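Survey of secondary and tertiary structure
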Amino acid sequence: MIKPLVKNVLVAVNGSQSSIHAAMYGIIMAKQFHFNLKFVYVVDTATLKRLTIGKFLVQDESAGFETNLRADGEKYLNLVTDLAKKKGIKAEAELREGSVWVEVVKAADAFGAKLILLGGHPSRYSVTGKASDESAIFSRTDREIILNASCSTLVVYEPKIEELYRML
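Residues numbered from 1 in each chain as written. Predicted model: local features only at pLDDT ≥ 70, side-chain atom pairs only at ≥ 80, totals over all residues. Heavy atoms only, no water.

Overview of the overall build of the protein chain
- Of the regular secondary structure elements, the protein chain holds 7 helices and 5 strands.
- Moving toward the C terminus, one meets the helices and strands of the protein chain in the order β-α-β-α-α-β-α-β-α-α-β-α.
- For the protein chain, the proportion of contacts with a sequence separation of at least 24, taken over those separated by at least 6, is 76%.
- Counting every atom, the protein chain has about 10,000 Å² of accessible surface; 54% of that belongs to carbon and sulfur. (Helix = DSSP H or I, 4+ residues; strand = E, 2+ residues; numbered from the N terminus. Contact = heavy atoms within 4.5 Å. Areas by Shrake-Rupley, 256 points an atom, 1.4 Å probe, with all protein chains shown as cover.)

In structure tokens:
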């Protein structure tokens, strides 16, 4: 008998509505397929460092932004773990610091993830429903995660995810 393809799934959370929807999608999947779920939020200290070195931010401003981003990360991780708990799913959560795509890939590897879920962005599609070009579909960070991950990556866009989550 073949083993399940997916045992561990990591969801990248950045506070956007689409990443919260990806978390809901992961929760529904975990309930249906009985896999381990982990949420990760990355405080983008790499960008803050570049902005400080480039003198776009002074050191005090950078420290303030970092503190605020860390607090945001904790808030969003608490939100998605509470969403999981409400549906009877035990999920891990981790706050990391550094370059977002690098830390997401490292977290997935450390967790033994066989799948990474990223939030989709339907507003990046044209009125015809087709993407105008590659950059309109994925952010630079999403592209780097997809290109560098050592496991499958799924970009989640489910228009009725909140309704499906409530029905679970």
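Next comes the rest of the write-up.
Quick word on the nonpolar core
- Counting residues in each nonpolar core, the largest one holds 27 residues, and the members touching the most others are Val11, Val13, Ile27, Leu37 and Phe39.
- Counting only elements with at least two residues in this core, the list comes to strand E1 (8-12), helix H1 (17-33), strand E2 (36-43), helix H3 (59-86), strand E4 (115-119) and helix H7 (161-167).
- Counting residues per element, this core draws most heavily on H1, which supplies 8 residues.
- Setting aside its immediate chain neighbours within four residues, Ile27 contacts Leu37, Phe39, Val80, Leu83, Ala84, Lys87, Ile89, Tyr165 and Leu168.
- Core analysis: the second largest hydrophobic core is formed by 14 residues, Val104, Ala113, Ala149 and Cys151 among them. (Core = buried A, V, L, I, M, F, W, Y, C linked by side-chain atoms within 4.5 Å. Buried < 20%, exposed > 50% of the residue type's maximum accessible area, 1.4 Å probe, protein only.)

Quick word on the environment of Asn8
- Tracing the backbone shows Asn8 in strand E1.
- According to the relative accessible area criterion, Asn8 is buried, its value standing at 11%.
- For the pair Asn8 and Asn36, spaced 28 residues apart in sequence, the C-alpha separation works out to 4.7 Å.
- Residues in contact with Asn8, not counting those within four places in the same chain, are Phe35, Asn36, Phe111, Gly112, Ala113, Lys114 and Leu115.

As for helix H4 (residues 100-111)
- End to end, H4 covers 16 Å across 12 residues, agreeing with the expected 16 Å (1.5 Å per residue, within 8%).
- Those residues of H4 that sit buried are Glu103, Val104, Val105, Ala107, Ala108 and Phe111.
- Along its buried surface, H4 packs onto E1, E2, strand E3 (91-97), E4 and helix H6 (140-148).
- One or two residues past the end of H4 sits Gly112, with phi positive at roughly 75°. (Expected span 1.5 Å × (residues − 1).)

Some remarks on the packing of H4 against H6
- Running from amino to carboxyl end, H4 crosses H6 at an angle of 35°, the nearest separation of the two axes being 9 Å. The interaxial crossing formed by H4 with H6 has right-handed handedness. Contacts between H4 and H6 pair Val100, Trp101, Val104 and Val105 from the former with Thr141, Glu144, Ile145 and Asn148 from the latter.
- In terms of residue class, the contact of H4 with H6 is made up of 5 nonpolar, 2 polar and 1 charged. (Axes fitted to C-alpha atoms, helices over the stretch in contact; angles between N-to-C directions. Left-handed = near helix turned anticlockwise from the far one by under 90°. Nonpolar A, V, L, I, M, F, W, Y, C, P; charged D, E, K, R; others polar.)

Concerning the side chain of Thr45
- Along the polypeptide, Thr45 turns up in helix H2 (residues 45-53).
- By relative accessible area, which is 17% here, Thr45 ends up buried.
- Polar side-chain contacts of Thr45 include one of 3.0 Å to the backbone nitrogen of Gly98.
- Not counting chain neighbours up to four residues away, the residues in contact with Thr45 comprise Glu66, Glu97 and Gly98. (Polar contact = N/O pair within 3.5 Å; in protein donor to acceptor, adjacent residues only side chain to side chain.)

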